[in-house]
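One-letter residues, chain by chain:
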Amino acid sequence: MNNHQDNMTQYNAHFIDSLVRSGVKEAVISPGSRSTPMALLMEEHPRLRTFIQVDERSAGFFALGLAKATQNPVALLCTSGTAAANYMPAVAEAKISRVPLIVLTSDRPPELRDVGAPQTIDQLHLYGHTAKWFAEMALPESDQSALQYVRTQGARAVFESLAEPAGPVHLNFPYREPLVPDYDGIFERIKIPAPVRLISGRKVPDSIMLDDVAGALKVEKGLIVAGEIVKPEMSEAILSLSEKTGWPVVADPLSQLRTDKTVIDSYDAFLRDDEIKDALKPEAIVRFGALPVSKSLMQYMKRHQDAVHVIVDADGGWRDPSHIATHMVNVDDAAFCREMIQRLEGSRSSWYALWQNVNEAARSEMKKAEGMDEGSLFRQFLEAVPSGSSVFAGNSMPIRDLDSFLFSGEQTLRLHGNRGANGIDGLVSTALGIAASGEKVYAVMGDLSFFHDVNGLLAAKMNGLSMTILIMNNNGGGIFSYLPQAGEQKHFERLFGTPSGLKFDHAAALYGCHYVRIENSGELQRELSVKRDGITILEALTDRSQNTAIHRELWQRAIAAAKQVIQ
């Protein structure tokens, strides 16, 4: 083995081993030439599970889904040039959703940059502020100082990706040719010292600060709002706080709280009405987790800006686009709940009963959805998905229908979505990444979302993964029918409706998927009850105008029923 090859082998082996010993268990590799040293050594490491996806944009979202499901950093590797740029959408989602990713881009050495060399772009700080931390790595060397440096960088990459708030980090590795290391049995041949151990803790609340917050929250008409929450212990903490204070919990579907029958679930319907918003005027709101999906809930909170508004975020973020917060509390969320339980008094009074009664009235109307429109199909889908499974809801209408038709206490499911940047790209791949973690995934998305990431299906074929996808095909962008643009009839279809005329049976055949066109509800229930390996694609053809009309009718009936309660 020559000196260059030894440098290449030792340097990359020490880095990868440091990642693994610091907690990385999986890597997603987008094959290419310049990344050869890292790819071969990743494949060789006995404790690193690798996945292959040749499309870099899909690979980025696959890694995102895997990290989202495990809450553990996933390494993501590509070659030089535009391959690295294709990771950007997933990096952006990871940043806003606080998902730990370790992005490893391979690069040309310094002498081949800015001189017209092929497959070379400027990769320094390629993701800008979207990456939490960036390191331009040194060229491979194998002396002890270089190996200690690269081990430390590996450990730091893991630490930085997990440091609150979690998110993506980026390391750029320049390599000179030749690129093939002496990888065979490398991790048995050499003894690699342990990397630096990096230790962090949770933010402990200050008692004086908590007394101040508790003083502001000593009201009867309080409300707890739970957005997307990833910490399992938070469910019990929030429900305990609700029980102690007598405040209702408005639970976003991604809060994982809809398994509890006491939470408020039909708020998106009845809070569309201003009269109901005013009848349910709160004195205080305590919000946990990410921003809720529901626009009507966000408008309700903004309408009551005179209420005490406490946002609890252990990660120190600033999730307040309406600028209505009176208290930003950056301490451990569960610890905050425990401390407030000790400081606050209350009981389930008429305020709690009012929310429950309004919610039950609206829910009873929303449950009457039936037929083959998208809302009814979503309800039937949720009823048929096996208990204990995971549901991934795509953006635009699917995540909103999840909010509308996931009724509390009726299903035990784990819920996922990409609600950081809210894009429709990468949804197939994100869901497959979640499936790669071992969860049994049922995904729902629109036809445009599926089209955007049809390449993501290749990961299932190459990595032996299984998942069921329900495509709500309304021949275009269904959500725009609910927005003001729908009134611009002259240009609406071309600019917003964007009908493509696509059906996906041929795409399913291309990637070796089982495909069924869903014609009725019985067929949907039957297909969801069948256990198959690989990808199953269920496609339901719906009508955009009919979907809009039925949704609006349901909302109006729910509002009318809710008004009967408050009058």
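Before any of the text, the structure's been laid out above.
Keep in mind it's a predicted model, so treat the numbers as computed, not measured.

Peer 1: So, the pattern of salt bridges: which residues are in play, and what are the values?
Peer 2: The final tally for this structure, using the stated rule, is 31 salt bridges. For Glu-410, the salt bridge goes to Lys-367, with nearest N and O atoms at 2.4 Å. Of this pair, Glu-410 sits in the loop between α16 (397–405) and β13 (414–416) while Lys-367 is found in the loop between α14 (350–366) and α15 (374–384), placing the two residues 43 residues apart along the sequence. Judged by its relative accessible area of 39%, Glu-410 falls in the partly exposed class. Two residues, Glu-383 and Arg-379, come together in a salt bridge whose shortest N-O distance is 3.2 Å. Of this pair, Glu-383 and Arg-379 both sit in helix α15, four residues apart, which is roughly one turn of that helix.

Peer 1: Describe the sheet that holds strand β9 (residues 284–288), and please don't skip the residues or the numbers.
Peer 2: On the basis of which strands lie adjacent, the open sheet formed by five strands has the order β8-β7-β9-β10-β11 and parallel pairing. Each end of this open sheet is capped by a strand with a single partner; those strands are β8 (249–251) and β11 (327–329). Going across the sheet, the axis of each strand differs from the next one's by a mean of 20°, ignoring polarity. Here strand β7 (residues 222–226) runs beside β9; their pairing, made up of five bridges, is parallel. When the bridges of β9 are listed, Ile-224 appears paired with Val-286. Strands in contact with helix α9 (residues 233–245) are β7, β8 and β9; relative to β7, the strand with the most contacts, it is inclined by about 170°.

Peer 1: Describe in detail the nonpolar core, supporting the description with residues and values.
Peer 2: For soluble globular proteins, the rule of thumb is that nonpolar side chains tend to be buried together. Residues Phe-270, Tyr-300, Trp-355, Phe-381, Leu-382 and Leu-402 are the most contacted members of the largest nonpolar core, which totals 56 residues. Contacts of Tyr-300, omitting those with residues within four sequence positions, involve Leu-223, Leu-271, Lys-277, Leu-280, Lys-281, Pro-282, Ile-285 and Trp-355. If you look at the next biggest cluster of nonpolar residues, it comprises 51 residues, including Leu-64, Cys-78, Ala-460 and Ile-535.

Peer 1: Give a description of the environment of Val-74 that names residues and reports values.
Peer 2: On the secondary structure map, Val-74 appears in strand β3 (residues 74–78). Here Val-74 falls in the buried class, since its relative accessible area comes to 0%. Spatially, the C-alpha atom of Val-74 lies 9.3 Å from that of Gly-23, the residues being 51 residues apart in sequence. Beyond its immediate sequence surroundings of up to four residues, Val-74 is in contact with Glu-26, Ala-27, Val-28, Ala-63, Leu-66, Ala-67, Pro-100, Leu-101 and Ile-102.

Peer 1: So what's going on with the sheet that holds strand β17 (residues 535–541)? Residues and values would help.
Peer 2: The sheet built from six strands is open, its strands ordered β13-β12-β14-β15-β17-β16 with parallel pairing. Either end of the sheet is taken by a strand with one partner, and the two such strands are β13 and β16 (514–518). Between one strand axis and the next, the sheet turns by 20° as a mean value, whatever way the strands run. As judged from the three bridges shared by strand β12 (residues 390–393) and β13, these two strands associate in the parallel manner. Opposite Val-391, over in β13, you have Leu-415 as the bridge partner. α15 contacts β12, β14 (441–446), β15 (467–473) and β17 of the sheet and is inclined by roughly 165° relative to β15.

The rules behind these values
- Residues numbered from 1 in each chain as written.
- Predicted model: local features only at pLDDT ≥ 70, side-chain atom pairs only at ≥ 80, totals over all residues.
- Heavy atoms only, no water.
- Salt bridge = Lys/Arg side-chain N within 4 Å of Asp/Glu carboxyl O.
- Helix = DSSP H or I, 4+ residues; strand = E, 2+ residues; numbered from the N terminus.
- Buried < 20%, exposed > 50% of the residue type's maximum accessible area, 1.4 Å probe, protein only.
- Pairing = 2+ DSSP bridges.
- Axes fitted to C-alpha atoms, helices over the stretch in contact; angles between N-to-C directions.
- Contact = heavy atoms within 4.5 Å.
- Core = buried A, V, L, I, M, F, W, Y, C linked by side-chain atoms within 4.5 Å.

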